[in-house]
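As a plain string of letters, each chain reads:
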Amino acid sequence: MSTKPRTPTDCGVPPNQAETRLLDNALRLFAERGYEGTTIRAIIERAGVTRPVLYYYFENKEALFCRLVKTTFLEFYGGIDNVLSTHACCRDRLKALMRMAFEYAERSPEMVRLTLQVFFSAPQEGPTTVEIAKLDEGRMQRFAQVMREGIESGELAPREPWALALAFGGMMDTYV
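Small disclaimer: the values here were computed from a predicted structure and weren't measured. (Residues numbered from 1 in each chain as written. Predicted model: local features only at pLDDT ≥ 70, side-chain atom pairs only at ≥ 80, totals over all residues. Heavy atoms only, no water.)

1. Some points on the side chain of N25
Relative to the helices and strands, N25 is located in helix α1 (residues 15–33). Apart from residues lying up to four places away in sequence, N25 is in contact with R46 and A47. (Helix = DSSP H or I, 4+ residues; strand = E, 2+ residues; numbered from the N terminus. Contact = heavy atoms within 4.5 Å.)

Structure (structure tokens):
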């Protein structure tokens, strides 16, 4: 008897393809039905994999959901950081940040729906391990830095940078 652990390939699905299908289909289901309305069974059926394949990549539904949420935020942070490094003045940065957010929303409406569900669902819905406030704090810190630099350069009227960041983020989120 072999003690070698099973891999997704043993189940007839190439590993990278299976993981990608799981993530893509779970994203669509979570965006459509929310966390509580999405079952493991629905995810594996839509992804066309078996339960062991899902559990090879993810400990449970919560781990899959958390991976999607964290990946979404990290990708968005990368876009923000790119804008900040390629635009010098506050006005250009703010315009580029808005454009980036709108392009992101058009490219991946499911990610936007997932993010909105994370922020606006009832506290008892969804996993508690996704520390939402900490995830969004990174975005707001970046926006506040833009505001602070805009105030220091005289491009913005002297105001509280954090309040300006919240207003900017709120306007962006409302439009998206």
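2. Examining the environment of M111
Of note, M111 is situated in helix α6 (residues 109–120). The class for M111 is buried, based on a relative accessible area of 10%. Residues M111 and F73 lie 38 residues apart in sequence; the distance between their C-alpha atoms is 9.7 Å. Not counting residues up to four positions away in its chain, the partners in contact with M111 are L27, T72 and Y104. (Buried < 20%, exposed > 50% of the residue type's maximum accessible area, 1.4 Å probe, protein only.)

3. Details of the side chain of T38
Within the secondary structure layout, T38 lies in the loop between α1 and α2 (40–47). Filtering out sequence-adjacent residues up to four positions away, T38 remains in contact with L29, F30, R33, I43 and K61.

4. Section: the packing of helix α4 (residues 61–86) against α6
Taken N-terminus to C-terminus, the directions of α4 and α6 make an angle of 110 degrees; their axes are 10 Å apart at the nearest point. In terms of their interaxial angle, α4 and α6 are classed as roughly perpendicular. Residues F65, L68, V69, T72 and F73 of α4 pack against M111, L114, T115, V118 and F119 of α6. Class assignment of the residues belonging to the contact of α4 with α6 gives a composition of 8 nonpolar, 2 polar and no charged. (Axes fitted to C-alpha atoms, helices over the stretch in contact; angles between N-to-C directions. Parallel < 35°, antiparallel > 145°, perpendicular 65-115°, else oblique. Nonpolar A, V, L, I, M, F, W, Y, C, P; charged D, E, K, R; others polar.)

5. Looking at the packing of helix α5 (residues 90–107) against α6
Axis separation between α5 and α6 bottoms out at 5 Å; the angle between their running directions is 105 degrees. For the element pair α5 / α6, the angle class is roughly perpendicular. Seen from α5, the contacting residues are Y104, A105, E106 and R107; seen from α6, they are P109, M111 and V112. The residue inventory of the contact of α5 with α6, partitioned by class, reads 5 nonpolar, no polar and 2 charged.

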